[in-house]
Amino acid sequence: MTARLVLVGCGHMGHAMLTGWINAGRIAANEIVVVEPNDDLRDRAATLGCAVASDADGLPADISPEIVVIAVKPQVIREVLADYARFGDGAATFVSIAAGSSVATFEGLLGEDTPVIRCMPNIPAAIGKGMMVVFANDRVSEKARDFVAGLLSASGEVASIGDEKLMDAVTAVSGSGPGYVFHFIEALTAAARTAGLPAETAARLAVQTVYGAAVMAAESGEEPGALRQQVTSYKGTTAAALDVLMGEERLTRLLTEAVEAARKRSIELGS
Ligand SMILES: NC(=O)C1=CN([C@@H]2O[C@H](COP(=O)(O)OP(=O)(O)OC[C@H]3O[C@@H](n4cnc5c(N)ncnc54)[C@H](OP(=O)(O)O)[C@@H]3O)[C@@H](O)[C@H]2O)C=CC1
Ligand SMILES: O=C(O)[C@@H]1CCC=N1
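Now for a quick tour of the structure.

Basis of the calculations
- Residues numbered from 1 in each chain as written.
- Chains lettered and ligands numbered in written order.
- Predicted model: local features only at pLDDT ≥ 70, side-chain atom pairs only at ≥ 80, totals over all residues.
- Heavy atoms only, no water.
- Core = buried A, V, L, I, M, F, W, Y, C linked by side-chain atoms within 4.5 Å.
- Buried < 20%, exposed > 50% of the residue type's maximum accessible area, 1.4 Å probe, protein only.
- Helix = DSSP H or I, 4+ residues; strand = E, 2+ residues; numbered from the N terminus.
- Contact = heavy atoms within 4.5 Å.
- Expected span 1.5 Å × (residues − 1).
- Arc of directions from axis to C-beta.
- Near = heavy atom within 4 Å.
- Areas by Shrake-Rupley, 256 points an atom, 1.4 Å probe, with all protein chains shown as cover.
- Pairing = 2+ DSSP bridges.

We now examine the nonpolar core. If you look at the biggest cluster of nonpolar residues, it comprises 31 residues, and the most contacted ones within it are Leu 5, Leu 7, Leu 18, Trp 21, Ile 32 and Val 34. Breaking this core down by element, the ones donating at least two residues are strand E1 (5-8), helix H1 (12-23), strand E2 (32-35), strand E4 (67-70), strand E6 (116-120), strand E7 (130-136) and helix H5 (142-153). When residues no more than four places from it in sequence are discounted, the contact partners of Val 34 are Leu 7, Cys 10, Leu 18, Ala 45, Cys 50, Ala 51, Val 52 and Ala 53. Grouped together as the second largest cluster of nonpolar side chains are 30 residues, Ala 3, Val 33, Ile 63 and Val 80 included.

Now the structure itself:
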């Protein structure tokens, strides 16, 4: 089978997306070559049925992929791209999921005729519930765009954005966001323990509450504020707690500060 796609980096996010593509049947495993230096992670990709290599030198000499997905840390992008320059200037479409790294960085290192799709996914992609936001340069063909859109939609929802500068905000909200929600679950679990619940019950109540509320917010068609009001009885328990969270817009201000810190870090990573 001809290799259509090279995945460079198969850590947390690369593997999450890879499994989504294969499980949804959007591409056959034997059409993918995974380049990953870590032995265990490379073996994990091989178990899915992909061809694997530990570095770019291990790729077949005659390989001509349609898509090269870059899923390494932003800190190593420049040195990694040097190894894939032969696929630049239009030979393949590059898809980057790296935080901060701009399309211009790719064009600068691979040639300005290189089709580049910048994508910010998030980790629920591993279970098909991700949020993927894309920005593409005008070199990307309709065929490549459709192929990539098909791959990404296997991992969850896909949205596109017209202003690349907003990718830093996207990264700070949906890219990093699952980390904030996981921490919220940890914090609610800790609070439940303090309130006297046994550890297992505390953890179960926290996860199921976030899960149920998130599904309801996504599927009920009602605004989160309206749903909040349905929970909040007049002078009841929820009102007492929300006075703490919403008084002086405490939680909103905290999240605004957190998102801004992530956005600034995304800009730093890209410079
Ligand atoms: N984790 C997440 O939730 C999200 C991550 N991202 C982005 O995804 C990218 C990857 O992040 P994440 O998966 O968390 O990181 P990981 O460290 O888990 O995965 C990156 C993998 O790339 C490997 N690698 C390093 N150099 C090379 C190379 N030259 N060729 C091939 N593979 C190489 C690393 O190996 P080694 O460790 O041995 O160096 C590592 O296994 C980042 O750019 C990040 O910004 C975007 C959205 C969400
Ligand atoms: O923490 C990070 O930098 C990456 C990008 C978004 C989520 N994880």
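A separate point is H5. An α-helical turn contains 3.6 residues, so a residue and the one three or four places further along point in the same direction. In this model H5 runs 16 Å from its N-terminal to its C-terminal C-alpha over 12 residues, within 8% of the 16 Å that 1.5 Å per residue would give. Among all positions of H5, only Ala 144, Phe 147, Val 148, Leu 151 and Leu 152 are buried. With its buried residues spanning 130° around the axis, H5 presents them on a single face. More than 90 degrees from the buried face of H5, the exposed residues found are Glu 142, Lys 143 and Asp 146.

Before going further, it helps to spend a moment on the site of ligand 2. Residues in contact with ligand 2, as listed here, are Ala 99, Gly 175 and Ser 176. Protein chains bury 47% of the 250 Å² of accessible surface belonging to ligand 2 in isolation.

It is worth spelling out the pairing of E7 at this point. Burial of E7 is extensive: 5 of the 7 residues sit out of reach of the surface. Direction of pairing for E6 relative to E7: antiparallel, over a ladder of 4 bridges. Note on E7: the bridge partner recorded for Met 120 is Val 133. Across 5 bridges, E7 lies against strand E8 (residues 156-160) in parallel orientation. Bridge pairing in E8 places Met 131 opposite Glu 157.

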